[in-house]
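The chain contents come next:
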Amino acid sequence: MKQMEYLFLFLEQNCVIANNMGEEVKLYKTWSTPFGLRVVWALKLKGIDYESIDEDLSNKSDLLLHYNPVYKKVPVLVHNGNPISESTVILEYIDDTWKQNPILSQDPVERARQRFWAKFNEEKLLPTIWAIFTTEGKDLEEAMAAWVENLKFVEEELKGKKLFGGEKMGLADLVFGWLANLIGIFEEVSGLKIVDERYPLLLTWMQVFSELPVIKETWPPHDKMITKYRALYEKYHPAK
Amino acid sequence: MEGGVVLLDFWPSMFGMRVRIALAEKEIKYEYIEQDLRNKSDLLLQMNPVHKKIPVLVHNGKPICESLVQVQYIDEVWKNQAPLLPADPYKRATARFWADFVDKKMYDSGSRVWKTKGEEQEAAKKEFIGNLKLLEGELGDNLYFGGDGFGYVDVALVPFYCWFYAYEQCGNFSIEAECPKLIAWAKRCMQKESVAKSLADPEKVYGFLLQLKKAYGIE
C-alpha cells in the first residue's frame, strides 16, 4: 500500500497531469507558422498534452497529405486519429471538446462578435499585410491605404476593452495574435512603419497579449524569423 | 426593432439566402428589408459599418454580420428547433470545414466563370467543377451533407444552386453532366419549403447577371 502511495505522490509532484489522459493529440505545423501557433496557444490554455510535429513544407510528409488532402496545409490537429484542418475550425473544435478555460463565451451575441473579427482578420488584415510585404510603388501605397482603413476598425473594436475577448483572451485574440510578433519582424525587415502611434489601443493590446502566461515565450526564435523574412522580403524586392 | 428580427438583404444574394433558409428552418418570423446596393441605406451603413454589405441580421436591435456567423447565431439562439450543426464536436468541425470551403471557393470560382472568356474561362470552369466534385465526394451517398438530416453545409451551399443556370449559360456547359449527384442533392433540398421559398428564380438570377455583366462592360 505504502509503495503505491509513494508512486502517486511522485507522479503528482513530477508529472504535468494533462487534461486529456488516454487521448492522443497530435499537431502538425511548422516552426514559424502563426496559424499553428494559434493552436499551440489554445491547447496550452486548456492544459492539453500533445505531440508536435514540425513539417518541411518543401517536402510534405505523406501523413500530412493524407490528413489534409483538400488544402495540403498546416496546421492539422489529429485527435484520436481524427484529423481537423483550418486553424479557426481547429480552435472551435478544441473549445467544443475541452470545456475548461473557454475560448468563446456562452452568449450567442458575443460568440458572433468574436467570429466576425476572426473572419475580418483572415479576409482583410492578412491579404493586406501580405500586399504590404510583397509590393512596391503604387501597389504598396494602395495596400497601405487599405491597411490603415482596416486598422481603424480594429482600433475602434478595442475601445473600453483590455483584450478582444474582454477581460479574458478569446477567439479573436488568438486569431489576431500574429500581430504581436510579426509586425515587429516585418517592420525590422522592410524598414516600414506598419502599426504606428495612431493606434494606441492596438499597440497596448500587442504588449498585453504578449505578456499573457499562455502566450509568453511561445514566439519562434527571433533571429531565425528575421533571417527567414529577410530572405522572403528580398525575393519580392530584388536589389536593383 | 427591439425584440424583433430584421434581415437586410438583396434578393439574388446567395449569402442572404443562407440566412433566409436558416430563419425558415427555425420558423422565425422576421421583417425582410430589400437593400439597394447602388444606393446604400443609412440603416445598412449603420448596421454594418465595417463591410457595408448584406446580409445583416438584426436581433433585439443588435446587428450580426457575415452569413455563416449569422447562421451559427440563429442555430445557437433558436436551438430547440431544427438544429443545423450536429452535437458531436468532430462532426461539427467537419461541417465548419466544408462550409468554410464553400465560402473560400464557390463565389470566387463561380464569378470567374461569368467574368472571363476564352482560355481564361475554360480554366475557370475547370476550377469551378473541380470544387463541386470535391463537395460531391464529401456528400458521398448521404441524402444531405448533414447526413440523414439537412444541416449547416447544406445551408451554406444550396443557395448557389439557383445561380447554376446563369453560370451554365455564361460558360456554355452543363453542371449536371459533370456533377449529377450534387444536382440530385440540390433538387432534394428544393423539396424543402425553407429552401424553395428562400432561393431566387434561376431565370431571374440570369437576367440580373446579364445586367451585371453589362455594368462591368463584359460581353
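Look up a bit, the structure's there.
Model, not experiment: these values are computed from the prediction.

A.B. asks: Could you clarify how one ought to interpret the overall build of chain A in this entry?
C.D. replies: Within chain A one finds 10 helices and 4 strands. Along chain A, from the amino end to the carboxyl end, the secondary structure elements read α-β-α-β-α-β-β-α-α-α-α-α-α-α. When the 240 residues of chain A are sorted by exposure, 50% land in the buried category. For chain A, contacts bridging at least 24 residues in sequence account for 71% of all contacts bridging at least 6. For chain A, the accessible surface area stands at approximately 12,400 Å², while carbon and sulfur atoms represent 55% of it. Averaging the positions of the 29 positive and the 36 negative side-chain charges in chain A gives two centres separated by 2 Å.

A.B. asks: I tried to follow the sheet that holds strand E2 (residues 31-34) of chain B on my own but got confused; where do I start?
C.D. replies: Residue and element names in this part refer to chain B. Ordered in space as E2-E1-E3-E4, the 4 strands form an open sheet in which the pairing is mixed. A strand with exactly one partner marks an edge of an open sheet, and here the two such strands are E2 and strand E4 (62-65). On average, each strand axis in the sheet is inclined to that of its neighbour by 20°, with strand direction left out of account. Where strand E3 (residues 56-59) and E4 come together, 4 bridges link them in antiparallel fashion. Bridging from a neighbouring strand, Leu57 pairs with Ile64 of E4. On the sheet, helix H1 (residues 14-25) packs against strand E1 (5-9), E2 and E3 and is oriented at approximately 155° with respect to E1.

A.B. asks: Looking at this structure, I do not really get the pairing of strand E2 (residues 51-54) of chain A. What am I missing?
C.D. replies: Successive side chains on a regular strand alternate, one facing one side of the sheet and the next facing the other. Judged from the 4 bridges that link them, strand E1 (residues 25-29) of chain A and E2 of chain A form a sheet pairing that is parallel. Its bridge partner lying in E2 of chain A, Tyr28 of chain A is registered against Ile53 of chain A.

A.B. asks: What should I look at first to understand the interface of chain A and chain B in this one?
C.D. replies: Interfaces are often sized by the amount of accessible area the parts lose when they come together. At the junction of the two partners, chain A supplies 24 residues and chain B supplies 25 residues. Note that Arg111 of chain A is salt-bridged to Glu76 of chain B, the shortest N-O span being 3.1 Å. Of all the secondary structure elements, the ones that give two or more residues to the side of chain A that touches chain B are strand E4 (82-85), helix H4 (87-97) and helix H5 (108-134) of chain A. Here the side of chain A that touches chain B takes 11 residues from H5 of chain A, the largest share from any one element. Residue composition of the side of chain A that touches chain B, grouped by class: 13 nonpolar, 3 polar and 8 charged.

A.B. asks: I tried to follow helix H9 (residues 200-211) of chain A on my own but got confused; where do I start?
C.D. replies: Residues that lie three or four places apart on an α-helix share one face, since the helix turns once every 3.6 residues. Residues and elements named next belong to chain A. With 12 residues, H9 ought to run about 16 Å at 1.5 Å a step, and its terminal C-alpha atoms sit 17 Å apart, in line with that. Within the sequence span of H9, burial applies to Leu202, Trp205, Met206, Phe209 and Ser210. Projected down its long axis, H9 carries its buried residues within an arc of 125°, all on one side. Looking at the buried positions of H9, the neighbouring elements they touch are helix H2 (34-45), helix H6 (137-157), helix H7 (171-176) and helix H8 (179-190).

A.B. asks: Could you clarify how one ought to interpret unusual backbone geometry in this entry?
C.D. replies: Most peptide bonds take the trans form, and the phi angle of most residues other than glycine is negative. A cis amide bond links Val74 of chain A with the next residue in sequence, Pro75 of chain A, at an omega value of 0°. Mapped onto the elements, Pro75 of chain A comes out in the loop between helix H3 (62-67) and strand E3 (76-79). Looking along the chain, the bond that leaves Ile54 of chain B and enters Pro55 of chain B is cis, with omega of -5°. When you line up the elements, Pro55 of chain B lands in the loop between helix H2 (42-47) and E3. Even without being glycine, Glu66 of chain B reaches a positive phi, approximately 80°. Among the secondary structure elements, Glu66 of chain B is positioned in the loop between E4 and helix H3 (67-77). The buried category is assigned to Glu66 of chain B, whose relative accessible area is 16%. For Ala82 of chain B, which is not glycine, the phi dihedral falls at a positive 40°. Along the chain, the position of Ala82 of chain B falls in the loop between H3 and helix H4 (89-115).

A.B. asks: What's the story with the sheet that holds E2 of chain A in this structure? I'm lost.
C.D. replies: All names here are of chain A. With respect to topology, 4 strands assemble into an open sheet ordered E2-E1-E3-E4, the strand pairing being mixed. One side of each edge strand has no neighbouring strand; the edge strands of this open sheet are E2 and E4. The mean inter-strand angle of the sheet, taken between neighbouring strand axes irrespective of direction, is 20°. Bridge analysis of E1 against E3 gives 4 bridges, and the strand direction is antiparallel. Across the sheet, Tyr28 pairs through a bridge with Val76, a residue of E3.

Rules and cut-offs
Residues numbered from 1 in each chain as written. Chains lettered and ligands numbered in written order. Predicted model: local features only at pLDDT ≥ 70, side-chain atom pairs only at ≥ 80, totals over all residues. Heavy atoms only, no water. Helix = DSSP H or I, 4+ residues; strand = E, 2+ residues; numbered from the N terminus. Buried < 20%, exposed > 50% of the residue type's maximum accessible area, 1.4 Å probe, protein only. Contact = heavy atoms within 4.5 Å. Areas by Shrake-Rupley, 256 points an atom, 1.4 Å probe, with all protein chains shown as cover. Lys, Arg positive; Asp, Glu negative; His and termini not counted. Charge placed at Lys NZ, Arg CZ, Asp CG, Glu CD. Pairing = 2+ DSSP bridges. Axes fitted to C-alpha atoms, helices over the stretch in contact; angles between N-to-C directions. Salt bridge = Lys/Arg side-chain N within 4 Å of Asp/Glu carboxyl O. Nonpolar A, V, L, I, M, F, W, Y, C, P; charged D, E, K, R; others polar. Expected span 1.5 Å × (residues − 1). Arc of directions from axis to C-beta.

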